[in-house]
Amino acid sequence: MTALPGFRSGSASPRSVLTRLRRNWPAYLFLLPTLLLVGYFAYYPAYIAVTRAFTDWDGLNPPTFTGLENFQRAVADPVMGQATTNMGIWVVLGTLLALVMPLIVAELVFHLRGQRRQYAYRTLFVIPIVIPSLVLLLVWGDFYRSDGLLNQLLGAVGLGGLRHEWLSDPHTALYGLIFLGFPYIDAFNFLLLYAGLQAIPEDVFDAAKIDGATGLRRVLRIDLPLLRPQLGLIAMLAIIGNVQYYISPLVLTSGGPGYATTVPALLMYQTATRDGEYGYAMAIAFLLMILVVVLTLLSRLISRGNR
Amino acid sequence: MRGGVGRAGFTPGEVVRQAVLVLLGLLALFPLYFTTVNSFKDRVQYAESLLNVPTRLHPENYALAWAQIQGPLVNSVVITVTSVLATLLLASLSAYAFALMDFPGRHLLFAVTFALLLVPDFLTLIPLYVQIRNLTLPSNYLAIILPTVAVGQPFAILVLRAAFEAIPRDMLEAARLDGAGHLALLRRIVLPVSLPVLISVAIIRLVPVWNEYLLPSLVLDEAHRTLPVALVNFQGGGAATAVTPNYGALMASYVLSAVPLLVLFAFLMRYYIQGVTSGGVKG
């Protein structure tokens, strides 16, 4: 076959870089819009964030270099301490929620008889995606109000004594936000696990059946080990996502009461937008980014080490 | 095919499984039920009970809600549609170059685009806000469209590149011999052949863009405000002024904000499912 100009092909004869550059100028033209946008709206702000973390900056005037001052402040700040604890609780519980319910549903749907039945139930659990995420937040905010659904239900079943100002009580506010969104069946995670189950070869199941591994035993011995890549991915995304997450405390509690629902990412946001301390905010963002990078690398290492 | 034993399965186990699934499915859909029934109640009916279907309906709540969110709804549609189309357009060009062209720096440039996935959103949010505030854009819509397109590039390019690479090379080379240029190849062969993948990418990207709250709440002015920002403002406005909000109208606005995605998913659900399940993880 003839090697065509401008095409990738294994048999291409070696040409000089200059010729290839000239020949392939359309490639650079094709990439230009993407590179410009990504450079200006993603890499440049990231660069600003990282460099401004070492400065005193109000977002308007030129920043003044202050070295590690912002970081020292962040480490010593008791509010950061509580925020970090809150984030830790959130990451652990949030990751469990992201794994458990989608896994149960994926198992149940996968073991239904008949393709059509499986398809119908699979669709059922994707439909809730049409509810805008903010609507879900706001509706749950209403559920938690003193005259809201949760308290009405408690009253109706004779547990009126448990009635509560769920998001105004420092003891329940954080958990209220974490456990928002029952029954926690994320469509994306569910589909990922379902596809993982489908990818398991038929003979593995047959062999398990012969060995007498059925029901829960099969789930534990066969399904879970074989779903490791999917479970690992979901766990990694959930951990990283929960480290960064702050929309529900921002919208529903502003981090309160006190600092009961404050997380570092929210603190970063409020420090910049409310207090105008952009330099300090970027230092918090910088620390969070380090955490995200470390977690990503760690999960990479773990999943590679297990292969 | 597994499970293709027919529909005769009504064993006890099967019945229990289905019952649990139906229950969970209904619970997952409960917010839709809750907002819909309460969107037809007046204040008194709402205070009386939250769960029943009202005996007397108050459709005028929808007129009230519509008057409030009409503007933001249109803004959201304009921004989402433009962002997603622009994301696909730019990502197609880049994916074509990465998949089908050979040029010096290919691996480096691909790494540069792809590494963007490692830049977390919270890191760039505040600098982006400052940057856009100081930038004179021809339209306020662009303040949200341009960054959103940038953020969507790595995922779209990754999926499209794989799809483009899978196109039979003979097909492309035949057209190439007929004298078609790269743009013509992209337009006449690559894009039409990849249509299902393009739809999948579009609908997977569309959901987060439609739901985006943080950056729009910071950079959009009142006239260009999107739906999530407007919804939070209604709710907050009610609490701040200590006036009990008109829940019926509020719930009606929630229902209206779910309609566009509902319509879209009614037609394109299977592309979403296919996109997530086929693009899934391998080892």
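Refer to the structure above for everything that follows.
Calculation notes
- Residues numbered from 1 in each chain as written.
- Chains lettered and ligands numbered in written order.
- Predicted model: local features only at pLDDT ≥ 70, side-chain atom pairs only at ≥ 80, totals over all residues.
- Heavy atoms only, no water.
- Helix = DSSP H or I, 4+ residues; strand = E, 2+ residues; numbered from the N terminus.
- Rg over C-alpha atoms; globule rule 2.2 N^0.38 Å.
- Buried < 20%, exposed > 50% of the residue type's maximum accessible area, 1.4 Å probe, protein only.
- Contact = heavy atoms within 4.5 Å.
- Lys, Arg positive; Asp, Glu negative; His and termini not counted.
- Charge placed at Lys NZ, Arg CZ, Asp CG, Glu CD.
- Patch = residues over 30% accessible without salt bridge, like charges linked within 9 Å, V, L, I, M, F, W, Y side chains within 5 Å.
- Areas by Shrake-Rupley, 256 points an atom, 1.4 Å probe, with all protein chains shown as cover.
- Salt bridge = Lys/Arg side-chain N within 4 Å of Asp/Glu carboxyl O.
- Axes fitted to C-alpha atoms, helices over the stretch in contact; angles between N-to-C directions.
- Parallel < 35°, antiparallel > 145°, perpendicular 65-115°, else oblique.
- Left-handed = near helix turned anticlockwise from the far one by under 90°.
- Nonpolar A, V, L, I, M, F, W, Y, C, P; charged D, E, K, R; others polar.
- Buried area = accessible area lost by both parts, 1.4 Å probe.
- Polar contact = N/O pair within 3.5 Å; in protein donor to acceptor, adjacent residues only side chain to side chain.
- Expected span 1.5 Å × (residues − 1).
- Phe/Tyr/Trp six-rings, centres within 6.5 Å; stacked < 30°, edge-to-face > 60°.
- Lys NZ or Arg CZ within 6 Å of the ring centre and 35° of its normal.

**Considering the overall build of chain A**
Part 1 of the reasoning: Scanning chain A from N- to C-terminus turns up 15 helices and two strands.
Part 2 of the reasoning: Its C-alpha atoms give chain A a radius of gyration of 26 Å, more than 25% over the compact-globule value 19 Å for 307 residues.
Part 3 of the reasoning: Projected onto the principal axes, the alpha-carbon positions of chain A cover approximately 80 × 70 × 35 Å.
Part 4 of the reasoning: Counting every position in chain A, which comprises 307 residues, the buried fraction comes to 50%.
Part 5 of the reasoning: Considering only contacts within chain A whose residues lie at least 6 apart along the sequence, 64% involve residues at least 24 apart.
Part 6 of the reasoning: If you average the places of the 22 positive and of the 17 negative side-chain charges in chain A, the two averages end up 16 Å apart.

**Examining the environment of B:Leu268**
Residues and elements named next belong to chain B.
Part 1 of the reasoning: Mapped onto the fold, Leu268 is located in helix α12 (residues 247-278).
Part 2 of the reasoning: Classification of Leu268 as partly exposed rests on a relative accessible area of 22%.
Part 3 of the reasoning: The spatial distance from the C-alpha of Leu268 to the C-alpha of Arg187 is 23 Å, given a sequence separation of 81 residues.
Part 4 of the reasoning: Not counting chain neighbours up to four residues away, the residues in contact with Leu268 comprise Ile199 and Ile203.

**Side note on a nonpolar patch on the surface**
Part 1 of the reasoning: On the surface, A:Trp25, A:Leu29, A:Leu32 and A:Leu36 cluster together into a nonpolar patch covering about 450 Å² of accessible area.
Part 2 of the reasoning: With respect to the helices, strands and loops of the structure, A:Leu36 is situated in helix α2 (residues 25-52).

**So, the packing of helix α7 (residues 169-177) of chain B against helix α8 (residues 182-193) of chain B**
Residues and elements named next belong to chain B.
Part 1 of the reasoning: Here α7 crosses α8 at 150 degrees, and the two axes come no closer than 10 Å. Comparing the axis directions of α7 and α8 gives the class roughly antiparallel. Crossing handedness for the pair α7 and α8: right-handed. Between α7 and α8, the residues in contact are Met171, Leu172, Ala175 and Arg176 and His182, Leu185, Ile189, Val190 and Val193, respectively.
Part 2 of the reasoning: Taken together, the residues of the contact of α7 with α8 sort by class into seven nonpolar, one polar and one charged.

**Notes on the interface of chain B and chain A**
When the parts come together, some accessible area is lost, and that loss is often what is quoted as the size of the interface.
Part 1 of the reasoning: Taken together, the contacts link 106 residues of chain B with 105 residues of chain A.
Part 2 of the reasoning: At the boundary of chain B with chain A, total buried surface from both sides reaches about 9,700 Å², with 72% on carbon and sulfur atoms.
Part 3 of the reasoning: For the salt bridge of B:Glu14 with A:Arg117, the shortest nitrogen-to-oxygen distance reads 2.6 Å.
Part 4 of the reasoning: Counting across the chain B and chain A interface gives 14 residue pairs in polar contact (both at pLDDT 80 or more).
Part 5 of the reasoning: Considering every element that reaches the side of chain B that touches chain A, the biggest residue donor is helix α1 (residues 12-38) of chain B, with 16 residues.
Part 6 of the reasoning: Here the residues of the side of chain B that touches chain A sort into 72 nonpolar, 20 polar and 14 charged.

**Re helix α4 (residues 78-110) of chain A**
Part 1 of the reasoning: In a regular helix each residue adds 1.5 Å, so 33 residues correspond to 48 Å; α4(A) covers 48 Å between its end C-alpha atoms and thus fits that length.
Part 2 of the reasoning: Looking at where α4(A) begins, the residue whose side-chain oxygen comes 2.9 Å from the main-chain nitrogen of A:Val79 is A:Asp77.

**So, the side chain of A:Thr172**
Part 1 of the reasoning: Positionally, A:Thr172 belongs in the loop between α7 (149-156) and α8 (173-178).
Part 2 of the reasoning: Excluding residues that lie within four positions of it along the chain, A:Thr172 makes contacts with A:His164, A:Glu165 and A:Trp166.

**Some points on unusual backbone geometry**
All names here are of chain A.
Part 1 of the reasoning: The omega torsion of the bond from Phe182 to Pro183 falls at 5 degrees, within 30 degrees of zero and hence cis.
Part 2 of the reasoning: Here Pro183 lies in the loop between α8 and α9 (187-198).
Part 3 of the reasoning: Cis geometry marks the peptide bond from Gly256 to Pro257; its omega dihedral reads 0 degrees.
Part 4 of the reasoning: Mapped onto the elements, Pro257 comes out in the loop between α13 (247-253) and α14 (264-273).
Part 5 of the reasoning: Phi is positive for Ser254, which is not a glycine, with a value near 50 degrees.
Part 6 of the reasoning: Assignment of secondary structure puts Ser254 in the loop between α13 and α14.

**What to know about the pattern of salt bridges**
Residues and elements named next belong to chain B.
Part 1 of the reasoning: In total, this model carries eight salt bridges over all chains according to the counting rule given.
Part 2 of the reasoning: One salt bridge connects Glu222 with Arg225, and the closest N-O pair in it is separated by 3.7 Å.
Part 3 of the reasoning: Owing to a relative accessible area of 63%, Glu222 belongs among the exposed residues under this scheme.
Part 4 of the reasoning: For Arg225, a relative accessible area of 21% translates into the label partly exposed.

**Some words on the packing of aromatic side chains**
Part 1 of the reasoning: Counted under the stated rule, the structure contains 28 aromatic pairs over all chains.
Part 2 of the reasoning: For the ring pair A:Trp57 and A:Tyr278, a centre distance of 5.6 Å and an interplane angle of 65 degrees mean the geometry is edge-to-face. Of this pair, A:Trp57 sits in the loop between β1 (55-56) and β2 (64-65) while A:Tyr278 sits in helix α15 (residues 278-305); the two residues are 221 residues apart in sequence, bridging distant segments of the chain.
Part 3 of the reasoning: An aromatic cluster of at least three residues, connected via ring pairs, comprises A:Trp140, A:Phe143, A:Tyr144, B:Phe30, B:Tyr33 and B:Phe34.
Part 4 of the reasoning: A cation over an aromatic ring shows up here: A:Arg73 above the ring of A:Tyr280, its NZ or CZ 3.7 Å from the ring centre.
Part 5 of the reasoning: Sitting above the plane of the B:Tyr129 ring, B:Arg133 keeps its charged end 5.1 Å from the centroid.

**As for the environment of A:Val135**
Part 1 of the reasoning: In this fold, A:Val135 is placed in helix α6 (residues 133-143).
Part 2 of the reasoning: Spatially, the C-alpha atoms of A:Val135 and A:Gly279 are 33 Å apart, while their sequence positions differ by 144 residues.
Part 3 of the reasoning: A:Val135 has contacts with B:Leu231, B:Tyr254 and B:Ser257, leaving out every residue within four places of it along the chain.

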